[in-house]
Amino acid sequence: MSNIYESAEATLGFISSPCLTKVELRVACRGIADRDALSKPDPCVVLKMQSHGQWFEVDRTEVIRSSSSPVFSKIFLVDYYFEEVQRLRFELHDISSGNNGLRDADFLGAMECTLGQVICLPLSLFASSPSSSSSIQVTAEELSGNDDYVELSFSARKLDDKDFFSKSDPFLEIFRINDDGTESLVHRTETVMNNLSPVWKSFKVSLNTLCSGDHDRELKCTVWDWDSNGKHDFIGEFQTTFKEMRAEQEGKQIQWECINPKYQIKKKNYRNSGTVILNHCKIIKMYSFLDYIMGGCQIQFTVAIDFTASNGDPRNSCSLHYIHPYQPNEYLKALVAVGEICQDYDSDKMFPAFGFGALIPPDFKVSHDFAVNFDEDNPECAGIQGVVEAYQNCLPKIQLYGPTNIAPIIQKVASSASEEMHTKEAMEYFILLILTDGVITDMADTREAIVHASHLPMSVIIVGVGNADFTDMQILDGDDGILRSPKGEPVLRDIVQFVPFKDFKHASPAALAKSVLAEVPNQVVDYYNAKGIKPKCMSDYESTRTFSP
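A brief structural summary. (Residues numbered from 1 in each chain as written. Predicted model: local features only at pLDDT ≥ 70, side-chain atom pairs only at ≥ 80, totals over all residues. Heavy atoms only, no water.)

**Side note on the side chain of D306**
Consideration 1: Along the chain, D306 turns up in strand β16 (residues 298-306).
Consideration 2: One buried charged residue, D306, remains without a salt bridge, the closest side chain of opposite sign being K502 at 14 Å.
Consideration 3: Side-chain polar atoms of D306 contact the side chain of T308, separated by 2.6 Å.
Consideration 4: Excluding its chain neighbours within four sequence positions, the residues that come into contact with D306 are N311, H321, Y331, F356, T404, L435, T436, D437 and G438. (Helix = DSSP H or I, 4+ residues; strand = E, 2+ residues; numbered from the N terminus. Buried < 20%, exposed > 50% of the residue type's maximum accessible area, 1.4 Å probe, protein only. Lys, Arg positive; Asp, Glu negative; His and termini not counted. Salt bridge = Lys/Arg side-chain N within 4 Å of Asp/Glu carboxyl O. Polar contact = N/O pair within 3.5 Å; in protein donor to acceptor, adjacent residues only side chain to side chain. Contact = heavy atoms within 4.5 Å.)

**Some points on helix α10 (residues 443-453)**
Consideration 1: Those residues of α10 not exposed but buried are M443, T446, A449, I450, V451 and A453.
Consideration 2: On its buried face, α10 is in contact with α9 (407-421), β24 (458-464) and β25 (496-500).

**Quick notes on the state of the cysteines**
Structurally, a disulfide amounts to a covalent bond that connects the sulfur atoms of two cysteines.
Consideration 1: Applying the stated criterion across every chain yields a total of zero disulfides.
Consideration 2: The thiol sulfur of C297 is not disulfide-bonded, and the nearest other cysteine sulfur, from C120, lies at 9.3 Å.
Consideration 3: Of the residues examined, C297 reaches a relative accessible area of 2% and is grouped as buried. (Disulfide = S-S within 2.5 Å.)

**Let's talk about unusual backbone geometry**
Consideration 1: Omega for the bond connecting P361 with P362 falls within 30 degrees of zero, at 5°, which places this linkage in the cis form.
Consideration 2: Within the secondary structure, P362 sits in the loop between β18 (358-360) and β19 (365-367).
Consideration 3: That bond from G402 to P403 is cis: its omega, -5°, falls within 30 degrees of zero.
Consideration 4: On the secondary structure map, P403 appears in the loop between β22 (399-400) and α9.

**Some remarks on the packing of aromatic side chains**
Consideration 1: Across all of its chains, the model carries 18 aromatic pairs by this definition.
Consideration 2: Look at F82 and F289: their rings are 5.1 Å apart centre to centre, the planes differ by 75°, and that puts the pair in the edge-to-face class. Here F82 is found in the loop between β4 (71-80) and β5 (87-94), whereas its partner F289 is found in helix α6 (residues 289-294), with 207 residues between them in sequence. Comparing F82 with F289 shows no difference in burial state: the two are buried.
Consideration 3: Judged by centre distance (6.4 Å) and plane angle (15°), the rings of F370 and F374 are stacked.
Consideration 4: Given a relative accessible area of 1%, F370 falls into the buried group.
Consideration 5: Classification of F374 as partly exposed rests on a relative accessible area of 30%.
Consideration 6: Aromatic ring contacts, followed pair by pair, group Y287, Y292, Y429, Y527 and Y528 into a single cluster.
Consideration 7: In this structure, K267 packs its charged tip against the face of Y263, placed 4.1 Å from the ring centre. (Phe/Tyr/Trp six-rings, centres within 6.5 Å; stacked < 30°, edge-to-face > 60°. Lys NZ or Arg CZ within 6 Å of the ring centre and 35° of its normal.)

**Section: the packing of helix α7 (residues 330-342) against helix α8 (residues 383-394)**
Consideration 1: Axis separation between α7 and α8 bottoms out at 10 Å; the angle between their running directions is 160°. Looking at the two axes, α7 sits roughly antiparallel to α8. In the crossing of α7 with α8, the sense of the turn from one axis to the other is right-handed. Facing α7, whose interface residues are Y331, L332, L335, V336, G339 and E340, α8 presents I384, V387, V388, Y391 and Q392.
Consideration 2: Split by residue class, the contact of α7 with α8 holds eight nonpolar, two polar and one charged. (Axes fitted to C-alpha atoms, helices over the stretch in contact; angles between N-to-C directions. Parallel < 35°, antiparallel > 145°, perpendicular 65-115°, else oblique. Left-handed = near helix turned anticlockwise from the far one by under 90°. Nonpolar A, V, L, I, M, F, W, Y, C, P; charged D, E, K, R; others polar.)

**So, the pattern of salt bridges**
Consideration 1: Summed over all chains, the structure comprises 18 salt bridges.
Consideration 2: In this structure, D148 engages K285 in a salt bridge whose closest nitrogen and oxygen atoms are separated by 3.8 Å. Of the two residues, D148 sits in the loop between β7 (135-142) and β8 (149-157) while K285 sits in the loop between β15 (275-284) and α6, which places them 137 residues apart along the sequence.
Consideration 3: The class for K285 is partly exposed, based on a relative accessible area of 43%.
Consideration 4: One salt-bridge network, held together by shared partners, links K48, R89, E91 and E112.

**A few points about the side chain of Q300**
Consideration 1: Assignment of secondary structure puts Q300 in strand β16.
Consideration 2: Using a relative accessible area of 14% as the deciding quantity, one classes Q300 as buried.
Consideration 3: Of note is the side chain of Q300, whose polar atom sits 3.1 Å from the side chain of E428.
Consideration 4: Excluding anything up to four places from it in sequence, Q300 contacts D346, E428, Y429, F430 and I431.

**Thoughts on the sheet that holds strand β13 (residues 233-241)**
Strand pairing in a sheet takes place through backbone hydrogen bonds and is either antiparallel or parallel in direction.
Consideration 1: Strand order in the open sheet formed by four strands is β10-β9-β12-β13, with antiparallel pairing between adjacent strands. Among the strands making up the open sheet, the edge pair consists of β10 (183-188) and β13. Strand after strand, the sheet turns through a mean of 25° between neighbouring axes, direction not considered.
Consideration 2: When strand β12 (residues 218-225) meets β13, the two strands line up antiparallel, connected through eight bridges. Each bridged residue has a counterpart across the sheet, and for D225 the counterpart in β13 is D233. (Pairing = 2+ DSSP bridges.)

Here it is, written out as structure tokens:
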């Protein structure tokens, strides 16, 4: 059985995809044995990452002379991809005096893990080997970006009147001045008709968009009088920075004179063309996926497998459920590819596994949400390997039947997610992986279940196995439109990702995992940010892995 698991696992490799974020890794060691009674080690740690089965050096720390418990100042910066297994290897070397190279260095040991494990697992989960007091400690921290938003509200007073028969129709434009001197439009307000003292609606904009995260970056603000022919009349302009705007949060009144440079030159007594006032400035913190994961949020991974008769008799080599002694079937390939990613984000590594569409013992009635291990009180399996074994063990004990109903299993997981929602804390987010060989027969109930689940901390991944026509399944994936329940209620957010396995038949399982999991981080963030739920604990977790002496 392990051969099947390992053969699928071995094909997982690096693939190119947009970087979710960057992570800083800090390294320290404890208890490195002295070379001898007279000298301490000169340690250096080398970071390697695996690609296509080979280890490649990424970077290395400085050498700290005569230290058995070094804390390295070198910070490793790595790209983080949720949808990939990123394997790391930390090698500890004792560098000879007067030499910073590895050729003559003594190899002291190494520690291997995944980046997901470093991010998720706290210090208490790792202990030094009984045979050695030495350990390598790796601390992960997300490299903070500029993902926060700011809410701004402006008004104006006594603007110049540009119209003969009525008052001006003003609107405001805000531009960011780029490093090369060019201007980028950040926001354009609505037009307030026939009003020289307009109050514009408040708006939200990311700090990245507003000022590229640089609070001192110059912003140019221009006020115009709208004309229906598109030839708007210039009223005036002013320059500011976000740093200046932030002073409004301290209770200061922030306002600017709106200046028309031509009038300033031509008119002797010209003062301004009106005043623009900042009524409101509020920074809205936008937490990232890693903020929630490092804050203790666990990914609760559940698997549901299609055991309908259309899969074919598992004893027949043509069956989608046929267990080949050396080559995993498509169900196993999809399960391992997706499950191996998710398992790093679940501390107990216990995964519920369910089946649907089969006649099950002892009375052989059809069930659409039975535990694959036949323990209804505890459907959890130990690790992805445990799910694989439970799946293989149950095949001879059941009779494939039908129909293909998935609403019951969505409702079952949604019930657990609903309990989590009522805690109002970011502790558990649920991912349901459904593996099916055909178009479902309870489409109306499934749509209803998904619309309900869209209000919960939950995502649904559906992988179509085999060569069936899955066109009708695309309706569940909201990419091409908004999914609605039979009563017309729209999903609150897009939580379903559907892909046919045949599209990845000649690609590595990593490509499948990337496709179905790439949206999950945004789905997690969208749910918690929309609910106003902050990460439970914002302190960094320190992960300590033990190396082999």
